[in-house]
Amino acid sequence: MTTAPTQREYFLDSIRAWLMLLGIPFHISLIYSSHTWHVNSIEPSWWLTLFNDFIHSFRMQVFFVISGYFSYMLFLRYPLKRWWKVRVERVGIPMLTAIPLLTLPQFMMLQYVKGKAENWPNLSFYEKYNTLVWELISHLWFLLVLVVMTTVSLWVFSRLRRHLSRHHEPHLANVTYTKLSLIFLLLGIAYGVIRRTLFIVYPPILSDGLFNFVVMQTLFYIPFFMLGALAFISPKLKALFTTPSWGCTVGSVLAFIAYLLNQRYGSGDAWMYETESVITMLLGLWMVNVVFALGHRLLNFKSKRVTYFVNASLFIYLVHHPLTLFFGAYITPHIHSNTLGFITGLVFVIGIAVVLYEIHLRIPLLRFLFSGKPQNKAESIKPAH
């Protein structure tokens, strides 16, 4: 049976944290992009649109690979029920905490900013329910998806462990990026077929928030989650990810160009979303190599500063979204330069988020609610450095 490595994966910790923190420039750039969001600047910026598209095209695919890697590592450390409880608490408690403390006030603010507050009583029961699902889960969707994936993995990881215990040959000995690319191409096509079938049979289901998060997002990202678990099991697969590949680099560039062309010329009433699923499935796979190889080379070390942001990344991500929307609604209109507004937004959001993080470190209840981890009494009053 595979055992957890004794050496800490510093580069994976760092990559996971920075991918989380990339959500801040992603959402701030969304204000200044040509994409329609809750709040937008008067004139869009072409370079911030490009920057926003770049982050969006691969960030969560790579994130779920790392989540799968660490999930399987912890799966080998705990009894089955204990593993599920620990994993669900770590993501479920912060999600449930953030809904009343962050996304509900955010939703109420947006109702007034967008002038929709007076229209709320006129909505049907389902329209109110669906709006609340979209708005209250909001940027917390990946935590809900992780809860679903963890629950599904109770069965998948158990079967995988039994299979590995019965077969002693080298695991994934013949894996190559060509084979992986073919598999992920087929997975992208399969996802597109599922989405198109739903669109033909019952289009409204694709606009249902809970169905979108629990089913569609899970279906798209679970191959990456499982790929991360397999990377933990197979040293060869992990080495494949951490060894720089020109093929993956060139492929990522070409796939991103295809992504941009699909965004520019695709139509939501045609095959735009199905095409995007194929492109981003392959782009995500190839960017795992690009990100892991760079991270392994540049971030594989222990640092107090890096450790601080690794520990702070989830909290900062959770609070950044309402801060970003507040900035977009009340400050963006007074800054006439998009570039200056973007930089100001970064300083505003990150600065306040870090201050709030330091405050919450000194309140044991908040530390528990935003981390899902029981707080040791001596530890709970000790600020992180």
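Residues numbered from 1 in each chain as written. Predicted model: local features only at pLDDT ≥ 70, side-chain atom pairs only at ≥ 80, totals over all residues. Heavy atoms only, no water.

## Brief notes about the overall build of the chain
Put simply, the rule is: Working definition: helices are DSSP H or I runs of at least four residues, strands are E runs of at least two. Numbering for both runs from the N terminus. Computation of the radius of gyration draws on C-alpha atoms alone. For the globule rule, the value is 2.2 Å times the number of residues to the power 0.38. Working definition: with a 1.4 Å probe on protein chains only, accessible area under 20% of the residue-type maximum means buried, over 50% means exposed, and in between means partly exposed. Any pair of residues with heavy atoms lying within 4.5 Å of one another is described as a contacting pair. Under the convention used here, a 1.4 Å probe and the Shrake-Rupley method define accessible areas, while residue burial counts only the protein chains that appear. Charge assignment: positive for Lys and Arg, negative for Asp and Glu; neither His nor the chain ends contribute. Here the site of a charge means NZ on Lys, CZ on Arg, CG on Asp, or CD on Glu.
Within the chain, the secondary structure is distributed over 15 helices and 0 strands. Since a compact globule built from 385 residues should have a radius of gyration of about 21 Å, the 21 Å found for the chain is in line with a globular shape. Along the first, second and third principal axes, the C-alpha set of the chain runs to 65 × 55 × 40 Å. When each of the 385 residues of the chain is scored for burial, the buried share is 50%. Within the chain, contacts between residues separated by at least 24 positions form 81% of all contacts whose residues are at least 6 apart in sequence. Accessible area of the chain: about 19300 Å², with a carbon and sulfur share of 68%. Side-chain charges of the chain comprise 31 positive and 15 negative groups, with the mean position of each set lying 14 Å from the other.

## Notes on the packing of helix α1 (residues 10-21) against helix α12 (residues 304-330)
The description of two helices packed together rests on the angle between their axes and the distance between the axes. The criterion, for reference: To get an axis, fit a line to the C-alpha atoms, keeping to the stretch in contact for a helix; angles then go from 0 to 180 degrees between the N-to-C directions. Should the near helix be turned counterclockwise from the far one by less than a right angle, the crossing is left-handed, whereas a clockwise turn marks it as right-handed. Gly is put with the polar residues, along with every residue not named as nonpolar or charged; the nonpolar set is Ala, Val, Leu, Ile, Met, Phe, Trp, Tyr, Cys and Pro, and the charged set is Asp, Glu, Lys and Arg.
Relative to each other, α1 and α12 sit at 35 degrees, their axes nearing to 9 Å. The handedness of the crossing between α1 and α12 comes out as left-handed. Across the interface between the two elements, Asp13, Ser14, Ala17, Met20 and Leu21 from α1 touch Val306, Phe309, Val310, Ser313, Leu314, Ile316 and Tyr317 from α12. Considering only residue class, the contact of α1 with α12 consists of 9 nonpolar, 2 polar and 1 charged.

## Description of the environment of lysine 238
Along the polypeptide, lysine 238 turns up in helix α9 (residues 235-242). Residue classification places lysine 238 among the partly exposed residues on the basis of a relative accessible area of 21%. For the pair lysine 238 and tyrosine 69, spaced 169 residues apart in sequence, the C-alpha separation works out to 9.8 Å.

## Concerning the nonpolar core
How we decide: By nonpolar core we mean a set of buried residues, namely Ala, Val, Leu, Ile, Met, Phe, Trp, Tyr and Cys, connected to one another through side-chain atoms within 4.5 Å.
Ranked by size, the top nonpolar core spans 104 residues in total, and within it Phe64, Tyr72, Trp141, Phe142, Phe241 and Phe292 carry the most contacts. The dominant element in this core, judged by the number of residues it contributes, is helix α3 (residues 46-75), at 14 residues. Sequence-distant contacts of phenylalanine 142, that is, excluding residues within four places in its chain, are made with Met20, Met60, Phe63, Phe64, Leu314 and Tyr317.

## A short note on the environment of valine 39
Tracing the sequence through the fold places valine 39 in the loop between α2 (23-31) and α3. Overall, valine 39 belongs to the buried group, its relative accessible area being 6%. With 287 residues separating them in the primary sequence, valine 39 and phenylalanine 326 have C-alpha atoms 9.2 Å apart. The residues contacting valine 39, other than those within four sequence positions of it, are Ile31, Val113, Leu325, Gly328 and Ala329.

## Things to note about the packing of α1 against α3
Counted only if it meets this: Should an angle fall under 35 degrees it is called roughly parallel, over 145 degrees roughly antiparallel, and 65 to 115 degrees roughly perpendicular, with every other angle called oblique.
Interhelical geometry of α1 versus α3 gives an angle of 140 degrees and a closest axis separation of 10 Å. Here α3 runs oblique to α1, going by the angle between their axes. α3 is crossed by α1, and the crossing has left-handed handedness. Contacts between α1 and α3 involve Leu12, Asp13, Ile15, Arg16, Leu19 and Met20 on the former and, on the latter, Phe58, Arg59, Val62, Phe63, Ile66, Tyr69 and Phe70.

## Notes on the side chain of threonine 324
With respect to the element layout, threonine 324 can be found in helix α12. By relative accessible area, which is 0% here, threonine 324 ends up buried. Excluding residues within four positions of it along the chain, threonine 324 makes contact with His27, Ile28, Ile31, Trp37 and Val349.

## Re the confidence of the model for the chain
Our working definition: Each residue carries a pLDDT score, the predictor's confidence in it, ranging from 0 to 100.
For the chain, mean pLDDT is 92; residues scoring 70 or higher make up 94% of the total. Counting contacts from residues 1-6, a segment whose pLDDT is below 50, to residues more than four positions away or on other chains yields 12 contacts. Ignoring residues within four places in sequence, the model shows residues 377-385, a span with pLDDT below 50, making 15 contacts including any to other chains.

## Quick notes on the pattern of salt bridges
Going by this rule: Here, a salt bridge means any Lys or Arg side-chain nitrogen found within 4 Å of an Asp or Glu carboxyl oxygen.
The final tally for this structure, using the stated rule, is 6 salt bridges. Where glutamate 274 meets arginine 195, a salt bridge forms, and the shortest distance between an N and an O atom there is 3.3 Å. Of this pair, glutamate 274 sits in helix α11 (residues 272-298) while arginine 195 sits in helix α7 (residues 177-201); the two residues are 79 residues apart in sequence, bridging distant segments of the chain. In this structure glutamate 274 comes out as buried when scored by relative accessible area, which is 5%. With a shortest N-O distance of 2.9 Å, arginine 362 and glutamate 358 are connected by a salt bridge.

## Looking at a nonpolar patch on the surface
To keep it simple, the criterion reads: Excluding any residue in a salt bridge, patches collect residues exceeding 30% relative accessible area, merging like charges within 9 Å and nonpolar Val, Leu, Ile, Met, Phe, Trp and Tyr side chains within 5 Å.
A surface patch of nonpolar side chains, amounting to about 810 Å² of accessible area, comprises Trp246, Val250, Val253, Leu254, Ile257, Leu261 and Tyr265. Tracing the backbone through its elements, the reader meets leucine 254 in helix α10 (residues 246-265).

## Some words on helix α8 (residues 209-233)
For clarity, the cut-off: What a helix should span is 1.5 Å times the count of its residues minus one. To get the bend at a residue, fit one axis to the 7 residues ending there and another to the 7 starting there, then take the angle between the axes.
Between its first and last C-alpha, α8 extends 34 Å over 25 residues, near the 36 Å set by a 1.5 Å rise per residue. The largest bend in α8 is about 45 degrees, located at threonine 218. Within α8, 19 of the 25 residues are buried, which leaves the element mostly enclosed by the surrounding structure.

## Overview of the environment of proline 333
Within the secondary structure, proline 333 is located in the loop between α12 and α13 (338-361). Residue proline 333 is classed as partly exposed on the basis of its relative accessible area of 46%. Separated by 292 residues in the primary sequence, proline 333 and serine 41 have C-alpha atoms spaced 6.9 Å apart.

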